Amino acid sequence: MSAAREPALTLPRAVLFDWDNTLIDSWAAIQDAQNYTLSYFGLKPWTLEEVRTRVRGSMRDTFPAMFGERWREAGEVFYDRFTEHHLDTLKPLPGAEEMLRSLHGRGIYLGVVSNKKGDYLRAEAARLGWEAYFGSIVGAFDAANDKPSADPVLMALAGSGIASGRSVWFAGDTDIDLECACNAGCLPVLVRDAPPAPGEFGEHPPAVHVPDCTTLSNLVRNL
């Protein structure tokens, strides 16, 4: 664990999480739906590594560049396919549920801010039995703009009595998550095995890096 920018961390009032590759592994269903859609439009399928690297922005922010004027049609093809499989291939990442239980038990407000469509997020949380941990689950199309805009963060905190700021941690695994955290004034937390390379995240470096959910849970427990 590293905390490069914060001289001293204090117990967060809230922690907002990215979903895919931060709390759960649903890459099999995402790759299947993405490649089904690409093939439908005569485009080359992506490897799993390409999917993990490229699938970051929301559909309304990325599909127009990929599919042009037919991006909404492509979105329907993607979601029709995704709906068939996403709940059956859902896998929590190691330590994720234990972390959520621990943070929630300490009275920390928890939320989800993802660029996956909100209906799918809430269905996946329900399948895992995690709804009680979260005060809000915000996905693509729920707010006026998607990550990295601050809009979904503000929506996730609405009604909690907690203002966006450094007492709110935003935990995610990609550059978009860190940028979103910075745009909303939150503390950006990178959750992935590999530490950040020098200059990797440009103007939006993480304040904290942890390799996994268990380490993040232990970090908060010791504050």
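Report follows, based on the coordinates. (Residues numbered from 1 in each chain as written. Predicted model: local features only at pLDDT ≥ 70, side-chain atom pairs only at ≥ 80, totals over all residues. Heavy atoms only, no water.)

## Structural notes on the packing of aromatic side chains
Under the definition given, this model contains 8 aromatic pairs. Judged by centre distance (5.8 Å) and plane angle (75°), the rings of Trp-19 and Trp-130 are edge-to-face. Of this pair, Trp-19 sits in the loop between strand 1 (14-17) and strand 2 (24-25) while Trp-130 sits in the loop between helix 6 (118-128) and strand 5 (136-140), placing them 111 residues apart in sequence. Each member of the pair, Trp-19 as well as Trp-130, carries the same accessibility label: buried. Following the ring pairs from residue to residue traces out a cluster consisting of Tyr-40, Phe-41, Phe-63, Phe-67, Phe-78, Tyr-79 and Tyr-120. In this structure, Lys-117 packs its charged tip against the face of Tyr-79, placed 4.9 Å from the ring centre. (Phe/Tyr/Trp six-rings, centres within 6.5 Å; stacked < 30°, edge-to-face > 60°. Helix = DSSP H or I, 4+ residues; strand = E, 2+ residues; numbered from the N terminus. Buried < 20%, exposed > 50% of the residue type's maximum accessible area, 1.4 Å probe, protein only. Lys NZ or Arg CZ within 6 Å of the ring centre and 35° of its normal.)

## Some thoughts on the pattern of salt bridges
All told, the structure shown has 11 salt bridges when counted by the stated rule. Between Asp-20 and Lys-116 there is a salt bridge; the shortest N-O distance is 2.9 Å. Taken together, the positions of Asp-20 in the loop between strand 1 and strand 2 and Lys-116 in strand 4 (residues 109-117) put the pair 96 residues apart, joining distant regions of the chain. Grouping residues by exposure puts Asp-20 and Lys-116 together as buried. Across the pair Arg-70 and Glu-73 runs a salt bridge, and its minimum N-O distance is 2.9 Å. Residues joined in a network through salt bridges with shared partners are Asp-18, Lys-147 and Asp-177. (Salt bridge = Lys/Arg side-chain N within 4 Å of Asp/Glu carboxyl O.)

## As for the nonpolar core
Phe-17, Trp-19, Leu-23, Trp-130, Phe-134 and Leu-216 are the most contacted members of the largest nonpolar core, which has 33 residues in total. Those elements that place two or more of their residues in this core are strand 1, helix 5 (96-105), strand 4, helix 6, strand 6 (168-172), strand 7 (187-191), strand 8 (208-210) and helix 9 (213-221). Beyond its immediate sequence surroundings of up to four residues, Phe-17 is in contact with Thr-22, Leu-23, Met-99, Leu-100, Leu-103, Leu-110, Gly-111, Val-112, Val-113, Phe-134, Ala-171 and Leu-216. If you look at the next biggest cluster of nonpolar residues, it comprises 18 residues, including Ala-29, Phe-67, Val-77 and Phe-82. (Core = buried A, V, L, I, M, F, W, Y, C linked by side-chain atoms within 4.5 Å. Contact = heavy atoms within 4.5 Å.)

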